[in-house]
Structure formats: C-alpha cells, structure tokens
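Descriptive structure summary
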Amino acid sequence: MSSTVTTHPSLTAVSTQAAPAAIGPYSQAIKAGDLLFVSGCIPLVPSTMQIVQGGVVEQTEQALANLKAVVEASGSDVGRVVKTTVFLKDMEDFVTVNGIYAKFFGDHKPARSAVEVARLPKDVLFEIECIASLKN
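What comes next concerns the included structure. (Residues numbered from 1 in each chain as written. Predicted model: local features only at pLDDT ≥ 70, side-chain atom pairs only at ≥ 80, totals over all residues. Heavy atoms only, no water.)

Describing the pairing of strand β7 (residues 81-88)
Side chains on a regular strand alternate between the two faces of the sheet. As a reminder of what qualifies: Only protein chains enter the accessibility calculation, which uses a 1.4 Å probe; a residue whose area is less than 20% of its type maximum is buried, one above 50% is exposed, and one in between is partly exposed. Strands are runs of DSSP state E lasting at least two residues, helices are runs of H or I lasting at least four, and both sets are numbered from the N terminus onward. For two strands to pair, DSSP has to find at least two bridges joining them. Orient the strands so they point away from the viewer, and a crossover whose first-strand-to-second-strand path over the helix runs clockwise is right-handed.
With six of eight residues buried, β7 is to be regarded as a mostly interior element. Strand direction decides the pairing type here: β7 and strand β9 (residues 126-133), joined by seven bridges, are antiparallel. Of the residues in β9, the one forming a bridge with L88 is F126. Pairing analysis gives six bridges linking β7 to strand β8 (residues 111-116), with the strands arranged parallel. Across the sheet, K83 pairs through a bridge with A111, a residue of β8. With respect to chirality, the unit in which β7 leads through helix α2 (residues 94-105) into the neighbouring parallel β8 is right-handed.

So this is what it looks like as structure tokens:
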C-alpha cells in the first residue's frame, strides 16, 4: 500500500508500507517535478522495523529491496534511477556490495558515489539513497 501527500504545491511526499517507515522527521521520498529523491534506505525489515539478520550481504539486499519498494511506490522503477549514493561502514565490503549492487541493477548503471562513513543509523553496515526519473 502506498500513499502520497502534498507537502508544497510543487512537492509530493511518497510513503509505502512495503518499505520501512521513516525513523525521523523526513519522508521516504519526495517527488519534485519529473524527479524522485529517495531518502537513505537501511536494512530494516518493513514488517518488524528490525535490522535484517546477517552481515553485509543480507543488509545490502534488504536495503536495496527497500529502495525498490519506495521507487516503485512513486510510479517509477529502478531502471529509471539516475544517481545513487552508497554509504558503507567498512570500505573492505566494497567488492561484496558492488557484486550485489550490479546484480540488482543488471544492465542499468546509474551514476554512483560510494563512501565509507564512521557510523550509520542503527549501526547498520550499508545505506543507499537515490535520485530517479519519474518519466520514461
């Protein structure tokens, strides 16, 4: 189930129960014109709001599933993702994450930045945000 709420005449918030609820004062995503700005997705299981069990593989897969759910709730799809930013707790996980990311996006290769950070929300190992097009 998804919903949209107009926050400003030119901005619309996107919300879906297929992805974890925001854990702070922000929206899962915002539509602005023909673009979608998706907030950072972490590996929370939507039904429990708990971090998925396992390590970086499971956390990366869950966060990407959450990203997909939000993008699709907006009316877009992951094939229209223009730019991602990946946040890693440990850059030693880059090769593993890169393989999961490549499988997730397939032949589509959005622009991307990947950075190691000191800490992520709920001490997760992986977070991803994106900008997607709402038009074909």
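So, the nonpolar core
The test is simple: The definition of a nonpolar core used throughout is a set of buried Ala, Val, Leu, Ile, Met, Phe, Trp, Tyr and Cys residues joined through side-chain atoms within 4.5 Å. Residue contacts are counted whenever heavy atoms from the two residues lie within 4.5 Å of one another.
Formed by 27 residues in total, the largest nonpolar core has its most connected members in L36, V38, L67, V86, F126 and I128. Contributions of two or more residues to this core are made by β4 (35-41), α1 (56-73), β7, α2 and β9. Per-element tally for this core: the top contributor is α1, with eight residues. The contacts of I128, once residues within four sequence positions are left out, are S39, G40, C41, A63, L64, L67, T84, T85, V86 and Y101.

Let's talk about the pattern of salt bridges
The criterion, for reference: Any Lys or Arg side-chain nitrogen located within 4 Å of an Asp or Glu carboxyl oxygen qualifies as a salt bridge.
By the definition in use, this model includes three salt bridges. In this structure, R80 and D77 form a salt bridge, with 3.2 Å as the shortest nitrogen-oxygen distance. For D77, a relative accessible area of 30% gives the class partly exposed. Residues R119 and D123 are paired through a salt bridge, measuring 2.5 Å at the closest nitrogen-oxygen approach. What makes R119 exposed here is its relative accessible area of 61%. Given the relative accessible area of 48%, D123 is considered partly exposed.

Regarding the environment of V78
When you line up the elements, V78 lands in the loop between α1 and β7. Looking at V78, the relative accessible area reads 15%, which means it is buried. C-alpha of V78 to C-alpha of S113: the two residues are 35 residues apart in sequence and 17 Å apart in space. Discounting residues that sit within four places of it in the chain, V78 has contacts with K68, V71, F104, F105 and H108.

Regarding the packing of α1 against α2
Filter applied, for reference: As a rule, the C-alpha atoms of each element are fitted with a line to give its axis, helices using only the stretch in contact, and angles between N-to-C directions run from 0 to 180 degrees. In this scheme the handedness of a crossing depends on how the near helix is turned from the far one: anticlockwise by less than a right angle means left-handed, clockwise means right-handed.
Running from amino to carboxyl end, α1 crosses α2 at an angle of 35 degrees, the nearest separation of the two axes being 10 Å. For α1 against α2, the interelement crossing comes out right-handed. Residues V56, V57, T60, E61, L64, L67 and K68 of α1 lie in contact with α2, whose contacting residues are T96, V97, I100, Y101 and F104.

Describing the packing of aromatic side chains
Going by this rule: Pairing of aromatic rings covers Phe, Tyr and the six-membered ring of Trp, with a centre-to-centre limit of 6.5 Å; geometry is then stacked below 30 degrees between planes, edge-to-face above 60, and tilted otherwise. Charge-over-ring contacts are defined here by two conditions on Lys NZ or Arg CZ: a distance within 6 Å of the ring centre and an angle within 35 degrees of the ring normal.
Enumeration according to the criterion identifies two aromatic pairs in this entry. Ring centres 4.7 Å apart and planes at 50 degrees place the aromatic pair Y101 and F105 in the tilted group. Of this pair, Y101 and F105 both sit in helix α2, separated by four residues, roughly a single helical turn. F105 matches Y101 in its accessibility class, with the two residues each being buried. Among the residues examined, F105 registers a relative accessible area of 6% and is labelled buried. Cluster of aromatic residues (ring-pair linked, three or more members): Y101, F104 and F105. Across from the ring centre of Y101, 4.5 Å away, lies the NZ or CZ of R112, which sits over that ring.

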